[in-house]
Amino acid sequence: MNLPFYIAKRYAFSKTKTKAINTITKISSLGILVSAMALFVVLSVFSGLKTFNLAFTNDIDPDMVVEALHGKSIQINESQLKKIKQLKEFEAFSFVIEERVVFNFGEKQLVANIKGVDSLYNNVTNINKHIAYGEWILPHTNQVVLGQLIANSLSVGTYSEDKVLEVLAMKPGEGALESADDAYNKFTLYPSGIYALQHLDVDGKYIYADVHLVQDLLEWNKNEFSKIEFKLKPNISESQAKKSLESIFTKEVLIKTRAELNASLHKMLQTESLAIYMIFTLVIIVTLFSLAGALIMLILEKKEHLKTLHDIGISINDLKKIFLFQGMILSTIGSFLGIILGLLIVYIQLKFEFISISEQVPYPVEIHFENIFIVLLTIIILSFFASLLASTRISKKYLAI
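In this numbering scheme, every chain counts its residues from 1 along its sequence in written order. A pLDDT threshold of at least 70 governs which residues receive local features in this predicted model, and a stricter bar of 80 or more applies before side-chain atom pairs are shown or counted, although totals over entire chains, interfaces and linings include all residues. The side-chain figures draw on all heavy atoms in the structure; neither hydrogens nor water molecules are used.

(A) Spotlight on the side chain of Asn-113. Each helix corresponds to a stretch of at least 4 residues labelled H or I by DSSP, and each strand to a stretch of at least 2 residues labelled E; elements are numbered beginning at the N terminus. With respect to the secondary-structure elements, Asn-113 resides in strand 4 (residues 108–117). Under the relative-accessibility criterion, Asn-113 is labelled buried at 14%. Within the local environment of Asn-113, its side chain forms a polar contact with the side chain of Arg-100, the two groups lying 3.3 Å apart. A contact between two residues is defined here by any heavy atoms of the two lying within 4.5 Å. Contacts of Asn-113, omitting those with residues within four sequence positions, involve Glu-98, Glu-99, Arg-100, Lys-205, Tyr-206 and Ile-207. Each residue gets one of three labels from its accessible area relative to the maximum for its type: buried under 20%, exposed over 50%, partly exposed in between, using a 1.4 Å probe on protein chains only. We call two N or O atoms a polar contact when they sit within 3.5 Å, provided that within protein one can donate a hydrogen and the other can accept it, with sequence-adjacent residues counted only if both atoms are side-chain atoms.

Laid out in structure tokens, this is it:
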């Protein structure tokens, strides 16, 4: 057996003559345990929050989108449409028009996005599964489905006899206008349903309508759309699907994946996770000062032993390794125990849902192997430097005093 490691193990699991050193060692070990537990729980929480936040957007966002690189619209010719239908990478696709317009309901007014979709749209996304009241729109009608937040802002229900919901959009063109009414196209809408995903950014984002209605509202051509949304087949890579679309369209279009559609949300979640990780890493560094202090005090207490070991032929480097190994043993044990305790806490939350965001939504947590790896790697690396710092106190000059 490696002699420095053997001695380090004896020191780690035996009490010293000084109670203060024993107490500091216990405190540092407990601090490592608690730090490992806390870091793992926080990383598990952020993993759950990431999935929780993206779940809402995944229900309204497609797997891939083709949109105009310049301007607001793209025009699809018959040749392109035929080639799109022949693509084997996609389960479904849908033509979509999206524009920011004005909605009136009685005396209330709201600026929001109208999203014109065709009859195949529900094969691309799952928004129709979140209809809280009423039903999805019928093709070639003036029916609309509103987000719950928008419906609340306008006080719109699925049935109303005394008021009508109107949409106003600027008419394209140039030149002087004879009256204010000539500047807008105005259509009457009939709310058929209200969707709710319990997420403010989603429930307040869209009013869904038939794509032909929106084309008439904006005075667009029948082959003119804001974008085409696609649903990938299982086990099809995004890069493979992207190449197939690039072979059909010119460079005047932009092809985005789901992650690229929500780039700001992904960046925000990653930034928050990194910030919390750095804060807890700082806490771990402070905790490891007590470990370094305990090792330095132990070096002072074991000075005579170290002199004896050095006299019988053990080198200064091996003496340093004794306390380096001891620090690593204490931190590794503390890390594993902390992760086990963290796993237990996360499992209890997953099983019994003790903590909730609301009455119906438990606080999201997820167990990922990479989080265990991050916690172990973080604490072991920091502990190595803390132990190394303490072990540098041993030198020939120190033993000669």
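Let us keep going from here.
(B) Broad picture of the environment of Ser-273. With respect to the element layout, Ser-273 can be found in helix 9 (residues 263–301). Classification of Ser-273 as partly exposed rests on a relative accessible area of 24%. Put simply, Ser-273 and Ser-47 are 226 residues apart on the chain and 8.6 Å apart in space, counted from C-alpha to C-alpha.

(C) Fine view of unusual backbone geometry. With a phi angle near 60 degrees, Ser-155 is a residue other than glycine that sits in the positive phi range. Within the element layout of this structure, Ser-155 appears in the loop between helix 4 (148–154) and strand 7 (165–170). With phi around 60 degrees, Glu-219 is a residue other than glycine that occupies positive phi space. The residue Glu-219 is located in the loop between helix 6 (211–218) and strand 10 (224–225) in this model.

(D) Molecular detail of the nonpolar core. Only buried residues count toward a nonpolar core, which is a set of Ala, Val, Leu, Ile, Met, Phe, Trp, Tyr and Cys residues joined through side-chain atoms within 4.5 Å. The biggest cluster of nonpolar side chains holds 46 residues, and the ones touching the most others in it are Val-66, Phe-103, Leu-165, Ile-228, Phe-230, Leu-245 and Phe-249. Discounting residues that sit within four places of it in the chain, Phe-230 has contacts with Pro-62, Asp-63, Met-64, Val-66, Ile-84, Phe-90, Ala-92, Phe-93, Val-124 and Leu-245. In this structure, Tyr-11, Leu-49, Ile-316 and Tyr-398 belong to the second largest nonpolar core, which totals 40 residues.

(E) Spatial organisation of the pattern of salt bridges. What counts as a salt bridge is simple: a side-chain nitrogen of Lys or Arg found within 4 Å of a carboxyl oxygen of Asp or Glu. Overall, the coordinates contain 8 salt bridges when judged by the stated rule. Put simply, Lys-72 and Glu-99 hold a salt bridge, and the shortest N to O gap is 3.4 Å. Taken together, the residues Lys-72 in the loop between strand 1 (64–68) and strand 2 (74–75) and Glu-99 in strand 3 (residues 90–105) connect sequence positions 27 residues apart. With relative accessibility at 15%, the residue Glu-99 sits in the buried group. Across the pair Asp-216 and Lys-222 runs a salt bridge whose closest N-O atoms are separated by 3.3 Å. A residue is classified by how much of its surface remains accessible, and Asp-216, at 39% relative accessible area, is partly exposed. Look at Lys-222 and you get exposed, because its relative accessible area is 54%.

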